Amino acid sequence: GIQLLLHGLCSNTSVKSLDLKGNNLRTMGAEALGKLLRQNKSIRSLTLEWNSLGMWEEGFSFFCQGLRANNFLQHLDLRNNQINHQGAGELAMALTQNTSLQELDLRWNNIGLLGGRALLNCLHSNKTLKRLELAGNNVPGDILKAVEQALDHNQDREAILSEAQNQVNILSKEVLSLKDEKNKQFMDFVDTVDKQKEERARSEKMSAARVSQLQEALDEQYSIMNSLKTKLQMTEAALALSEQKVHNLGELLNAMKQEQNCVTECHFRELQQQKQEGADREGRLLHDLSAASEKNLLLRNQVDELERKCKVQQDQLFQVKQDLTNTTAELKLRAVEAEERLEMEKRRFKQSLEDMESRQVKEVDRMTQHMEASERSMHNRIQRLEAIRISLEEELSQVKAAALTERGQAEEELIKVRSQARLEEQQRLEHLEEKLRLMTESRDEAQKYCLKQKEMVAEAQAKAKQLSLYADGLRRRLDELQQDLDSKEEEKVTELNKVKVELQEQIRHLEAEHAAQDGLREKIAALERQLKALSSNHREALLDKEGEISLLLEKLRMKEAEIFRVREEEAQRASFLQNAIMAYVQGSPLGTHSSRK
């Protein structure tokens, strides 16, 4: 029945929890469970309490193979399944490759010391298991404590990884938002430049149309002047008056020339002011670049300080390791001294046995007193060793706490550095926006100045129309005025071209600044990557050092167990010698005589 049920569940995708408690599963059932764990991808919780799976070694090994291949099961209950140390070893082999199981309940089995060690060794490679219940399995207390420490380490590691992932996600979102904002700003700037180009093209078209209209008006005036020639031939008497008027017009022309010279001088001064402003802007940009380089140097110095702090922490950990090695050497020396003292005591016991024939009653009392004193001294030494072990464990806990606090401080410093970099980028963006605003204001002023010049040209053309109504003698002067106007228009065109070139140069400077900002951002990203690599290396080093500390603790526990075993053996030997002495005393003639009395 269980085979049919599990065969049907192999292709099921809706069942999340399966409870098979107390169903007397045998080898076939265990094999079917292994197949289910290999093929099913939806079951997250499996309860197999009271099934005695550990009695069937082949079936349980097949079940462990299925657990090794499964990457979806999260909770497994194997209470009261008669699992021995071999089954625990197979479970440990499966857990080394399983990456999904988070809770495992093995209470009330028969795992023992070997099975507990196998499960403890598998926890060094398994980083996902958070809960492991081993009550009622005859597992020593030191192994249970080591298992709890490994599980706590896994939980801390998952918490740190989740925090790091959240920070990476937040930073990636911020970087994307900054990129989008920069792209939007660049596109807006490009749109404004295109609009300015379109406006300039429209103004050029309007000026060309006005020039064509002026030329048509001049042609009409030429026709009028031809008609006036005939009238002037008929009216010679009015020549005097016309000469006077021509004199007045000459004065007016001189005044116009003076005004034009003044206008050209003002325009030249304004061009010089614009050039000076451009030089000032270039100096400001260079100052900004130097400030950015100084900030980069400050960031590099901060990174160097962080590296120095990491080195100091590594030196402290190395000193802790040396202290541990020194304490272990001291413990070894003390153990050797205890063994030598025990050998000396054995020799003394042998000599006392040889002398017991002459001194029976007195020697027995003295030996008993000596044995009690030796036992007291051994108890005192054992208590001292335990006190030393407790002090070493406290020092290790203090070192761990210090390492955790330093790691928190390093993370806070990283957060501060990132916030400072963000604030500096915002300030730079605001400075660039102010520069763009100043550029737009200067462009608007230049456009206003061009409009004023166009109005002045229109006024001059109107005056020329009035002058063209006069006599033929003014034709030459009108031609000269037209030539002057053409030269002025050419100068204005050249000036407009210069302004365009200057604007293009400013645009190129802005593009260069944008490229420099991109380079700075890339450098900041590289620095952040280096900081992340340093933090990851620091975390890995801490993990390795914690593993070494756990190994040293295990060695200390093993040595304590050996000392305890030696103490028990010596106690057994002492009791055996005491019994032998008492038997010898009772079997001797003095003993029998005293017993008869």
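Residues numbered from 1 in each chain as written. Predicted model: local features only at pLDDT ≥ 70, side-chain atom pairs only at ≥ 80, totals over all residues. Heavy atoms only, no water.

Caption draft 1: Structural context of a negative patch on the surface. Where like charges cluster on the molecular surface, the negative patch consists of D188, D191, D194, E198 and E199. Along the chain, D194 falls in helix 6 (residues 141-234). Here D194 falls in the partly exposed class, since its relative accessible area comes to 34%. (Patch = residues over 30% accessible without salt bridge, like charges linked within 9 Å, V, L, I, M, F, W, Y side chains within 5 Å. Areas by Shrake-Rupley, 256 points an atom, 1.4 Å probe, with all protein chains shown as cover. Salt bridge = Lys/Arg side-chain N within 4 Å of Asp/Glu carboxyl O. Lys, Arg positive; Asp, Glu negative; His and termini not counted. Charge placed at Lys NZ, Arg CZ, Asp CG, Glu CD. Helix = DSSP H or I, 4+ residues; strand = E, 2+ residues; numbered from the N terminus. Buried < 20%, exposed > 50% of the residue type's maximum accessible area, 1.4 Å probe, protein only.)

Caption draft 2: Broad picture of the packing of helix 2 (residues 27-39) against helix 3 (residues 57-69). Where helix 2 contacts helix 3, the axes come no closer than 7 Å and their chain directions differ by 10°. Between helix 2 and helix 3, the angle is such that the two are roughly parallel. Two secondary-structure elements touch here, helix 2 through T27, A30, E31, L33, G34, K35, L37 and R38 and helix 3 through G59, F60, F62, F63, Q65, G66, L67 and A69. Split by residue class, the contact of helix 2 with helix 3 holds 8 nonpolar, 5 polar and 3 charged. (Axes fitted to C-alpha atoms, helices over the stretch in contact; angles between N-to-C directions. Parallel < 35°, antiparallel > 145°, perpendicular 65-115°, else oblique. Contact = heavy atoms within 4.5 Å. Nonpolar A, V, L, I, M, F, W, Y, C, P; charged D, E, K, R; others polar.)

Caption draft 3: Highlighting the sheet that holds strand 5 (residues 131-133). Read from one edge of the open sheet, 5 strands run 1-2-3-4-5, paired in parallel fashion. The strands lining the two open edges of the sheet, one partner per strand, are strand 1 (17-19) and strand 5. Averaged over all pairs of adjacent strands, the angle between strand axes in this sheet comes to 0°, irrespective of strand direction. In terms of strand pairing, strand 2 (residues 45-47) meets strand 3 (residues 75-77) through 3 bridges, oriented parallel. By the bridge assignment for strand 3, L46 is matched with L76. (Pairing = 2+ DSSP bridges.)

Caption draft 4: Region of the structure containing the nonpolar core. Counting 45 residues, the largest nonpolar core has L48, F63, L76, L78, L104 and L106 as its most contacted members. Put simply, the parts of the chain that give this core at least two residues each are helix 1 (2-9), helix 2, helix 3, helix 4 (85-97), helix 5 (112-122) and helix 6. (Core = buried A, V, L, I, M, F, W, Y, C linked by side-chain atoms within 4.5 Å.)

Caption draft 5: A look at unusual backbone geometry. Although it is not a glycine, Q82 sits at a positive phi angle of roughly 55°. With respect to the helices and strands, Q82 occurs in the loop between strand 3 and helix 4. Residue class for Q82 comes out partly exposed when judged on its relative accessible area of 45%. Phi is positive for N138, which is not a glycine, with a value near 60°.

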